[in-house]
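# Results of the structural survey
Below are the chains, spelled out letter by letter.
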Amino acid sequence: MPYLADIIIDRVAEALDHPFTYSVPDFLKETIRIGQLVRVPLGGSRVQGVVRNLRWGEAGSQTRAVEAILQTEPVVTPLLLELADWLADRYLCYGAQALRAMIPASVRKDVGSRPSMVWYRTVGVRQGRASLKQRLFDYVAAQPAVSRADLAEAFPNAGPALRALVAEGALEVLTHAPDRVAGAPAGYGLTPAQQEALAVILRDPKRPWLLEGVTGSGKTEVYLALIENALHEGRQALVLLPEIALTPQVVRRFRDRFGDQVAVWHSGLSAGERRQTWERVRQGKIPVVVGARSAVFLPFPAMGVIVLDEEHEPTYKQEEHPRYHAREVALWRGAREGATIVLGSATPAIETRYSALSGQIGHVRLPERVLGRSLPEVTVVDMREELRLGNRDIFSSALREALADALERGEQAILFLNRRGYSTFVLCRSCGQALECRHCAVSLTYHQRENRLVCHYCMRESPVPKRCPECGSDKIRYFGAGTERVVEEVQRHFPEARILRADRDTLTRPADYAELYQKFLGGEADVLVGTQMIAKGMDFPRVSLVGVVAADTALHLPDYRSAERTFQLLVQAGGRSGRGEVPGRVVIQTYNPEHYAIHHAYRHDYAAFYEEEIRFREATHYPPYADLWLMVTEGPEEAEVRQRAVQAALDLREHWPDAEVLGPAPAPLARVRGLYRYHVLMKMDRTREADGLAMALKDFQSRQPGVSITRDPYFLM
Ligand code: ADP
Ligand code: ZN
Ligand code: ZN
């Protein structure tokens with residue numbers, strides 16, 4: 001009987017979305033293994049695929065043979081193959097798409113044998129002025145070692161400064177991946193609360209845990225202790241962070257403890273670094289990885305612990321195929337690999353806390369900040385009242401006074417605003433028309449520095465028209481403040497204040513974060529104005545004031561998570577205040593002070609917020625009480641798109657009477673990049689058998705071009 005291999009073809013196509021059977025020629029029988037990357041004939045061409053299964057069986061007359069094994073070491077473990085099947089079923093994607101999430105492109109494409117690489121590592125300490133040289137040094141110092149490719153990406157034109165640093169002995173050049181260096185032991189012991197949390201988790205390490213701890217309660221120390229424990233047992237550890245928190249400074253805390261045993265994994269890595277790290281993980285040579293969501297697929301041989309820090313962050317959900325959530329994948333892996341899963345947050349996702357309260361996962365809490373530090377004092381300002389008192393400024397008098405106080409005492413302040421640019425919309429005062437992007441149904445944002453209008457969805461830029469395109473009037477005015485405008489206002493009120501701005505316009509490369517962080521930490525600025533991208537991860541001990549300029553921006557979005565997101569942002573932003581010796585203050589400006597998201601954020605009362613939110617979810621039948629699917633239909637012709645959406649909704653209602661089908665309706669973002677968009681939302685009771693529905697939806701999606709279906713969507717626009 002011939003020896004057969006079932007192969008998953010590395011092509012994203014409906015017709016290829018099942019294993020293909022090939023025979024294994026004699027010369028490969030000894031070496032072929034499950035999980036290997038192989039080359040096979042397909043039709044008139046040759047393609048790559050992954051060995052899914054090996055067996056003895058009857059070959060058909062058409063059965064062709066495997067041609068070559070492309071890499072001796074399997075690229076996926078049997079467990080990851082199983083995970084790929086699960087991903088394909090759960091998130092409605094093809095097997096090939098699931099595997100692509102697990103195998104770096106540079107491995108799949110088998111580029112070269114091994115790129116020749118050079119790494120840099122710092123020697124000793126170097127304290128200089130904030131020159132390019134110093135910034136380079138700080139950047140390298142925050143990681144075990146940095147490859148030349150990565151440095152070139154972060155600092156284009158850094159060649160001479162780099163050579164100078166090597167010449168002065170501050171940087172060391174390595175021609176091989178850095179060896180392991182053990183880190184320093186813990187600088188201080190755990191507090192009794194931290195010890196207790198650790199002990200509770202270690203008493204039952206095979207179950208997933210929610211670690212609910214207020215900002216500054218010392219969750220990270222608990223993670224470090226758990227990792228230490230895993231390493232002692234000879235197992236590996238994975239720490240997942242929201243991408244925006246992956247600054248060298250955060251990574252440094254792990255490196256300070258575990259030295260060169262730590263590798264990082266994020267979207268800024270070059271293909272060569274990605275391949276290198278992935279290979280060393282596979283060989284068990286990297287005990288600790290600190291990474292963004294896709295690190296959850298790394299092929300650790302003996303996973304001991306997976307930490308998801310800030311587990312409520314939406315960046316853990318991938319919006320493209322496979323549309324997975326890193327928390328769900330981590331829980332899947334934990335259950336099969338016997339790893340400890342720790343979901344940490346000051347403001348857990350409603351679903352996560354629901355699982356904890358219903359006993360599906362364990363629950364430990366750190367209700368207080370370490371060392372008796374208090375949570376910041378919060379003031380909520382009703383901006384309607386300010387208007388009534390004649391204040392048309394973007395700052396309330398309370399925020400202005402608090403800023404003045406902080407500046408006078410030489411302390412630092414952070415101002416949050418969830419919009420970059422100068423104004424959020426541009427309006428003709430004569431006819432009331434807001435200027436919109438021609439390709440997207442969204443209003444344009446004015447950016448002062450470039451003096452251009454920008455569409456934040458398709459990124460197209462255009463000059464500011466002198467006259468209204470509708471009525472020809474010249475009464476064009478800017479409304480709604482963006483970060484640029486806030487900077488201008490701070491400068492106007494406090495001419496001496498030194499201000500930094502942090503948003504997607506000013507922070508474009510990983511090195512920009514490091515630079516900003518160093519500058520603000522080093523006291524080179526008094527006020528930091530930024531979007532949510534600086535709301536987490538960064539620890540500035542001299543910040544005594546956090547101002548939330550407009551708390552309502554996310555509150556009225558057509559998204560069932562809008563209250564949750566608002567509450568989380570307010571608490572996380574407030575958590576940046578008073579982290580050092582200086583007690584903190586938070587001023588929240590809002591037009592909805594009575595809204596429960598704002599009211600409970602004001603009192604740091606997550607439990608009370610949860611109680612109210614979970615009742616709303618139950619009453620409206622949203623997660624965690626129902627599974628949610630969002631079907632987006634897109635196309636250039638509106639009538640045709642609507643027709644397809646109507647038909648889809650009809651089909652669903654007919655075949656799945658148990659599912660609640662909402663719509664179709666034009667999406668809140670009704671047109672993006674010239675494509676019209678319609679939504680159909682489906683809710684299915686969690687207690688019902690929904691697997692059949694998932695399969696039907698997957699089938700539907702693959703038959704309909706321009707239709708995409710997301711399970712548990714995070715982007716409802
Ligand atoms: P979280 O992750 O919960 O926001 P962190 O772990 O960042 O909290 O801790 C907040 C601050 O308290 C950090 O500056 C940290 O160094 C410090 N810290 C944490 N645990 C201890 C401890 N046991 N003793 C002294 N300082 C601690
Ligand atoms: Zn007009
Ligand atoms: Zn646009």
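The structure we're discussing is the one just above.
Everything numeric here is computed off the predicted structure, so don't read it as measured data. Sequence order as written defines the numbering, with residues in each chain counted from 1. Lettering for chains starts from A, numbering for ligands starts from 1, and both go in the order in which the items are written. This being a predicted model, a pLDDT of at least 70 is required before a residue's local features are given, and a value of 80 or more before pairs of side-chain atoms are given or counted; all residues contribute to the totals for chains, interfaces and linings. Side-chain measures here rest on the full set of heavy atoms in the structure, leaving out hydrogens and waters.

### Thoughts on the packing of helix H8 (residues 192-203) against helix H9 (residues 219-232)
- Lines fitted to C-alpha atoms define the axes, with helix axes restricted to the stretch in contact, and inter-axis angles between N-to-C directions lie between 0 and 180 degrees. Helix numbering and strand numbering both begin at the N terminus, where a helix is a DSSP run of H or I of at least 4 residues and a strand a DSSP run of E of at least 2. Between H8 and H9, whose axes approach to 10 Å, the crossing angle comes to 40 degrees. The angle between H8 and H9 places the two elements in the oblique class. In this structure, H8 crosses over H9, and the sense of that crossing is right-handed. For the pair H8 and H9, contact is made by Gln194, Leu198, Ile201 and Leu202 and by Glu221, Val222, Ala225, Leu226 and Asn229, respectively.
- A breakdown of the residues in the contact of H8 with H9 according to their chemical character gives six nonpolar, two polar and one charged. Any angle from 65 to 115 degrees is called roughly perpendicular, while one under 35 is roughly parallel, one over 145 is roughly antiparallel, and all others are oblique. What makes a crossing left-handed is the near helix being turned counterclockwise from the far one by less than a right angle; a clockwise turn instead makes it right-handed. Note on contacts: a residue pair qualifies if any of its non-hydrogen atoms lie within 4.5 Å across the two residues. Nonpolar residues are Ala, Val, Leu, Ile, Met, Phe, Trp, Tyr, Cys and Pro. Charged residues are Asp, Glu, Lys and Arg, and all others, Gly as well, are polar.

### Observations concerning the coordination of the zinc ion (ligand 2)
- Coordination of the zinc ion (ligand 2) by the protein is provided by Cys428 (SG), Cys431 (SG), Cys468 (SG) and Cys471 (SG), with metal-donor distances spanning 2.3 to 2.4 Å.
- Coordination partners: N, O, S within 2.8 Å of the metal, 3.2 Å for Na, K and Ca; water not considered, so apparent gaps in a site are possible. In this scheme the shape depends on donor count and angles: four donors with every angle between 85 and 135 degrees give tetrahedral, four or six donors with opposite pairs above 155 degrees and others between 65 and 115 give square planar or octahedral in turn, and any other case is irregular. Taken together, the four donor atoms surrounding the zinc ion (ligand 2) define angles of 107 to 114 degrees at the centre, an arrangement classified as tetrahedral.
- Donor residues for the zinc ion (ligand 2) sit on one chain with the sequence pattern C-x2-C-x36-C-x2-C. Separated by 43 residues along the polypeptide, Cys428 in strand S18 (residues 423-428) and Cys471 in the loop between strand S21 (461-463) and strand S22 (476-481) bring together distant segments of the chain.
- Taking relative accessible area as the criterion, Cys428 reaches 1% and is therefore assigned buried.
- The partly exposed category is assigned to Cys471, whose relative accessible area is 41%. Remark: exposure states derive from per-residue accessible area (1.4 Å probe, protein chains only) relative to the maximum for the residue type, with buried under 20%, exposed over 50%, and partly exposed in between.

### Focus: the packing of aromatic side chains
- Pairing of aromatic rings covers Phe, Tyr and Trp, the last through its six-membered ring, and needs centres within 6.5 Å; plane angles under 30 degrees mean stacked, over 60 mean edge-to-face, and all others mean tilted. Applying the stated criterion across every chain, the model contains 14 aromatic pairs.
- With a centroid separation of 5.6 Å and an interplanar angle of 15 degrees, the aromatic rings of Phe425 and Phe479 are classed as stacked. Placement of Phe425 in strand S18 and of Phe479 in strand S22 is noted, with a sequence separation of 54 residues between them.
- On the basis of an interplanar angle of 45 degrees and a centroid distance of 6.4 Å, the ring pair of Tyr606 and Tyr610 is categorised as tilted. Remark: Tyr610 and Tyr606 occur in helix H20 (residues 606-620); sequence separation between them is four residues, near one turn of the helix.

### Concerning the nonpolar core
- The biggest cluster of nonpolar side chains holds 77 residues, and the ones touching the most others in it are Val76, Leu87, Leu99, Met102, Ile227, Leu240 and Val289.
- Here this core gets eight residues from one element, more than from any other, and that element is H9.
- The domain boundaries here were taken from an automatic or database domain assignment. Mapping this core onto the domain boundaries places at least three of its residues in each of domain 1 (3-108) and domain 3 (192-371).
- Once you skip the residues sitting within four places of it in the chain, Val76 turns out to touch Ile34, Gly35, Val50, Leu81, Leu99, Met102 and Ile103.
- Buried residues of nine kinds, namely Ala, Val, Leu, Ile, Met, Phe, Trp, Tyr and Cys, make up a nonpolar core once their side-chain atoms join them within 4.5 Å. Core analysis: the second largest hydrophobic core is formed by 38 residues, Phe520, Ala573, Tyr596 and Phe609 among them.

### With respect to the pairing of strand S9 (residues 209-213)
- In terms of residue burial, S9 counts as a mostly covered element, since five of its five residues are buried.
- On S9, burial covers both faces: Trp209, Leu211 and Gly213 on one face and Leu210 and Glu212 on the other are all buried.
- Two strands pair if DSSP finds at least two bridges between them. Bridge count for S9 against strand S14 (residues 340-345) is four bridges, and the pairing is parallel. Opposite Glu212, over in S14, you have Ser345 as the bridge partner.

### Some words on the sheet that holds strand S24 (residues 527-530)
- Strand order in the open sheet formed by six strands is S16-S26-S25-S17-S24-S23, and the pairing between neighbours is parallel. Since the sheet does not close on itself, it has two edges, and those belong to strand S16 (377-382) and strand S23 (499-502), each with one partner. The sheet shows a mean angle of 15 degrees between the axes of neighbouring strands, direction not considered.
- Alignment of strand S17 (residues 412-416) against strand S25 (residues 543-548), held across five bridges, turns out to be parallel. The residue of S25 that forms the bridge with Ala413 is Leu545.
- In this fold helix H15 (residues 397-408) packs onto S16, S17, S24, S25 and strand S26 (585-590), with an angle of close to 160 degrees to the strand it touches most, S25.
- Its contacts with the sheet put helix H18 (residues 562-574) on S17, S25 and S26, and the angle it makes with S25 is roughly 155 degrees.

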